[in-house]
Structures are given as structure tokens and as C-alpha cells.
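# Descriptive analysis of the structure
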Amino acid sequence: MNRPPAITELTGSGQLGTITLDWKPVSWATVVDHYAVYVLADGSYELAGKTVYPHFVHRGLGFTGVTRSYRVVTVDAAGNRSRPSATVAATNLTSVTVSGTSLARVGEFDGKGSELALSPGGYASYPTRFPSDVDFTFGTSTPSADWSYLLPGPADKWAGSKNHRATFRFDLAAVPAQDLDLALWLIDSHASLAGTALLTVNGTEVGRLTFANGATKGSTIADSTYPGSPLKPSYLEKPLSRALFKEGPNVIELFKDNGSWIAYDALGIYARK
């Protein structure tokens, strides 16, 4: 058997719920059918997936950090297989929803948006239901009535082709002793125009959040967890300086002035243990 060349320079990096692998592709002289990616599980390597690109994202890994070992095999057009690459180990990140303590949140961080207003397909009612956009107070407001499952952007004609703002209010008993963490999980987003949003805390701009493009189906489907779900969830978690917060009322705002909609799983503020 004429083996194709083995891949080299395999690297791995961990993110929330995923591990990303990259490697140097084999020479163009080899007609590659695909690369087969294997992960070590219960003492043996199992197929994690196939790709035609020198890049693979292993998804659905949960939100507690676990170290996994990977190797990759080149498969050529004739079905010949290379020797396995050198092994690389990578660890997915632990979410602040696991490591921290919830101070205030809306949604359940469960891969579903069905508990939120207008879900699963009522986006066209947003302009009449939320004519002044979403303004939610933790402990007083009701997610199913007061927090829209979608945050539209200026690219959305159905929402007026204008900028939109989501306001999240909560109280703190005291200025936090440590920095806090924002968790913003999405069940889906627009497939090509997910865009960005400006994040402010108590009126101070703290940065721009960039959203991963999704699969678009989240505008009419509320569950990303069932087998074969067409949704493409994504996760943003960001540290926020304790200096941004104060005793008593606090306000976080997402100003969607770029791109199209995002579909929430949940949003929350977490203290570090």
C-alpha cells in the first residue's frame, strides 16, 4: 500500500464547549480525499470527524474543562491512509457558569431559548412588542414577557432597519471584591451578518462583542440541543472590572449597531468563587 504523507505541525486550542485543531496540509502532489480526526476515549482512538481542510472544530464538549488527546490521518483519493500524526493534547475552557456564582441572569444557559419572549418564531412582532427595545430588571421582570429571544440589528428590515438596545438591570448588595464575569450564550445567530454589539456597564463602554455567524434557523427554532438540530450555538464570556460596578442598581447594555440578529440562550453576571 502506498501511504500518503502524514500531517505535521498539529496544534490544538480550547474554547468554551469546543477544541480547535489546526495542522500543516500535505503537499498538493497528494490528492487528499479527507483528513480523519481521532480523539482518545476510554483507552482507544475514536473518530471525531472528517474534514477536507487542515482545520477541525470538535464541538459539544460541555463547559467543564477536560484535556483530550487527538491525532489526524490523511486519506487520499484511492482510500489509502497515512500513518497517524503525532498526538496533541488540548483542554476546553471551563465556563464561568460552572466556576462562578450567579448574581443576576435572564435565561437558563441550557441551549434553549423557549423561556424568552416571542420565542420560538415571533420575531416579526418585535417592533410592536418592544417599541422602545428591551429593558429588563432582574428579580422584577419576567423573561417570557420582558426579554426578547432575539436582539435585532440594523440589517433587519423586519425590525425597522435600525440600531437596537437590550438593557439589563440588577442590584448589588456591595461593590464586588473581585472582578465579575459576563456570560452571553447564543443558541444561534444570522448565518452571515451576526455582526457586533457595543457593551456598556453603568454608562462606561467596555468593548465591542463580536458574534460568530450561526445557521439562521434560530429565528424560528428554540432548541439547539436535540440530535441533528440545525442551530449553531456560540458562547461569549468576558471579565468585567470590579471598578465598573457599584452598590445598588447596576445597568448592562448591549447596543446592536452592526449586522443582523442574535438569538439568546441566556445572559448573566457571575461572581468568582
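Relevant structure appears above.
I will try to describe carefully the structure that is included in this document.

What counts and how
- Residues numbered from 1 in each chain as written.
- Predicted model: local features only at pLDDT ≥ 70, side-chain atom pairs only at ≥ 80, totals over all residues.
- Heavy atoms only, no water.
- Helix = DSSP H or I, 4+ residues; strand = E, 2+ residues; numbered from the N terminus.
- Buried < 20%, exposed > 50% of the residue type's maximum accessible area, 1.4 Å probe, protein only.
- Contact = heavy atoms within 4.5 Å.
- Pairing = 2+ DSSP bridges.
- Axes fitted to C-alpha atoms, helices over the stretch in contact; angles between N-to-C directions.
- Core = buried A, V, L, I, M, F, W, Y, C linked by side-chain atoms within 4.5 Å.

### Side note on the overall build of the chain
Each helix and strand in the chain was counted, giving three helices and 17 strands. Counting only C-alpha atoms and orienting by the principal axes, one finds that the chain spans roughly 70 × 45 × 30 Å. For the chain, the proportion of its 273 residues judged to be buried stands at 45%. Summarising the internal contacts of the chain: among those between residues at least 6 apart in sequence, 74% fall at separations of at least 24.

### Digging into the sheet that holds strand β11 (residues 164-172)
Read across the sheet, five strands follow the order β9-β11-β16-β13-β14 without closing on themselves; strand pairing throughout is mixed. Either end of the sheet is taken by a strand with one partner, and the two such strands are β9 (134-137) and β14 (204-210). When the angles between neighbouring strand axes are averaged without regard to direction, this sheet yields 20°. Of the strand pairs in this sheet, strand β13 (residues 196-201) and strand β16 (residues 248-258) are connected by five bridges, and their pairing is antiparallel. Bridge pairing in β16 places Val-201 opposite Ile-252.

### Considerations on the nonpolar core
Ranked by internal contacts, the top residues of the largest apolar core, which has 41 residues, are Trp-147, Leu-240, Leu-254 and Tyr-264. Top element by residues in this core is strand β17 (residues 262-272). It accounts for six residues.

### Notes on the sheet that holds strand β7 (residues 88-91)
The strand order across the open sheet formed by four strands is β4-β3-β6-β7, and the pairing between neighbours is antiparallel. Edge positions in the open sheet fall to β4 (44-51) and β7, since each of these has one partner strand only. Between one strand axis and the next, the sheet turns by 35° as a mean value, whatever way the strands run. Inspection of the sheet shows strand β6 (residues 67-76) paired to β7 by four bridges, in the antiparallel sense. Considered in β7, the bridge of Arg-68 is made with Ala-90.

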